[in-house]
Amino acid sequence: MRPSVGVVIPTRGDRPGPLRAALTGVLAQEYADRVEVVVVADEVPASLVAQQVSGVTGSGAGGAARSVRVLGNRRAAGLPGARNTGISVLGTDLVAFCDDDDLWLPGKLAAQVAALAEEPDAGFASCAVEVEYGDRRVPRLAGTGRVTHRHLTRSRMMMVHSSTFLFRRGWTWVDESAPAGQNEDWDLALRAAWRHPIVHVDRPLVRVRWGSSHYVGRWADRIAGLEWMLARHPGLAAEPRGAARVYGQLAFCNAALGRRREAARWSLRAFSARPGEPRAAVALAVAGGLVSPRAVLHALHRRGHGI
């Protein structure tokens, strides 16, 4: 028998349109007869979220739709706690995540389940994505069918995105100590890859919608999240390219907050780890008032990239 899949969709109830689209994309999978969906309301009444998705999960929607549950976050407030709440109530063989502003494309679930079945020792799968920003859609591929711990240390590899995660239930949990939920997905992927390379289907099977993120512009939270990652994963500082990337991001976030001295300090560390690190140069330009952080992100997002 094909393995059953539990899908966890956390939401704050402030994106009802995208949430309904995300739920529709999950239920439209050809694998949907083996799917159980849990929508977790975080810091908002579950009754409100249930009302928002009632048209999608109504009694006339079929067997797959009837498997949808809406419940409140029972753990620490925030994205990690909401995801763990969903995991804790599932009894399925596999668990998948989908953010409330992303969209699974046709064939996503079947392809990943098949990829995991081909490698019994693996417990975690991802897939490539298609980044949507404004009127542009940019595919982001990994260029590999196996994502290793070293891959994720050298680069965040944004295509290994939380909305692509599929893993064996009991394999892992989200760390709820992540500051403001920052980088909990990168941490999860690193821990998974440490146990066994992540099975990656290198086709864009998830549409990641940028532009409505709760995290963009929360510079202090992003700084705390990056510092948490450096403390939690010492190997990041040992890999020059990966270290320069994180240091450059810290420089950029500090520059966005107007902390010029801190921006300069982190830029210097980035250049020391990797001469010519572009994030450090961009951070110095922001710190010097030559360009705004919003303009930088807009230009990068149009190309399907982040800072």
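Thresholds applied
Residues numbered from 1 in each chain as written. Predicted model: local features only at pLDDT ≥ 70, side-chain atom pairs only at ≥ 80, totals over all residues. Heavy atoms only, no water. Helix = DSSP H or I, 4+ residues; strand = E, 2+ residues; numbered from the N terminus. Rg over C-alpha atoms; globule rule 2.2 N^0.38 Å. Buried < 20%, exposed > 50% of the residue type's maximum accessible area, 1.4 Å probe, protein only. Contact = heavy atoms within 4.5 Å. Areas by Shrake-Rupley, 256 points an atom, 1.4 Å probe, with all protein chains shown as cover. Lys, Arg positive; Asp, Glu negative; His and termini not counted. Charge placed at Lys NZ, Arg CZ, Asp CG, Glu CD. Axes fitted to C-alpha atoms, helices over the stretch in contact; angles between N-to-C directions. Parallel < 35°, antiparallel > 145°, perpendicular 65-115°, else oblique. Left-handed = near helix turned anticlockwise from the far one by under 90°. pLDDT = per-residue confidence, 0-100.

**Q** Any chance you could explain the overall build of the chain here in plain terms?
**A** The secondary structure content of the chain amounts to 13 helices and 10 strands. Over its C-alpha atoms the chain spans a radius of gyration of 19 Å, differing by no more than 12% from the 19 Å that the globule rule assigns to 307 residues. Based on the C-alpha atoms only, the size of the chain along its principal axes is roughly 60 × 40 × 35 Å. Of all 307 residues assigned to the chain, the portion counted as buried reaches 54%. Across the chain, contacts joining residues at least 24 apart in sequence account for 78% of those joining residues at least 6 apart. Carbon together with sulfur atoms contributes 52% to the accessible area of the chain, which is approximately 12,600 Å² in total. Side-chain charges in the chain split into 40 positive and 28 negative, and the spacing between the mean points of these groups amounts to 4 Å.

**Q** How should the packing of helix 8 (residues 219–232) against helix 10 (residues 240–256) be read in this particular structure?
**A** Helix-helix packing is characterised by the crossing angle of the two axes and by the distance between the axes. For the pair helix 8 and helix 10, interaxial distance at closest approach is 9 Å and the crossing angle is 155°. In terms of orientation, helix 8 and helix 10 fall into the roughly antiparallel class. The handedness of the crossing between helix 8 and helix 10 is left-handed. Residues W219, R222, I223, L226, E227 and L230 of helix 8 pack against V246, Y247, Q249, L250, F252, C253, N254 and A256 of helix 10.

**Q** I tried to follow the confidence of the model for the chain on my own but got confused; where do I start?
**A** Any segment with low pLDDT has predicted coordinates that should not be analysed in fine detail. Summary statistics for the chain give a mean pLDDT of 93 and a share of 95% for residues scoring 70 or more. Below a pLDDT of 50 lies the segment residues 58–65, which in the model reaches 8 contacts outside its immediate sequence neighbourhood of four places, other chains included.

**Q** Sorry if this is basic, but what is going on with unusual backbone geometry here?
**A** Across the chain, the bulk of peptide bonds are trans and the bulk of non-glycine residues have phi less than zero. Although it is not a glycine, E43 adopts a positive phi angle of roughly 60°. Assignment of secondary structure puts E43 in the loop between strand 2 (35–41) and helix 2 (46–52). At A180, a position not held by glycine, the phi torsion is positive, near 55°. Relative to the helices and strands, A180 resides in the loop between strand 9 (166–168) and helix 7 (184–195). We classify A180 as partly exposed; its relative accessible area is 38%.

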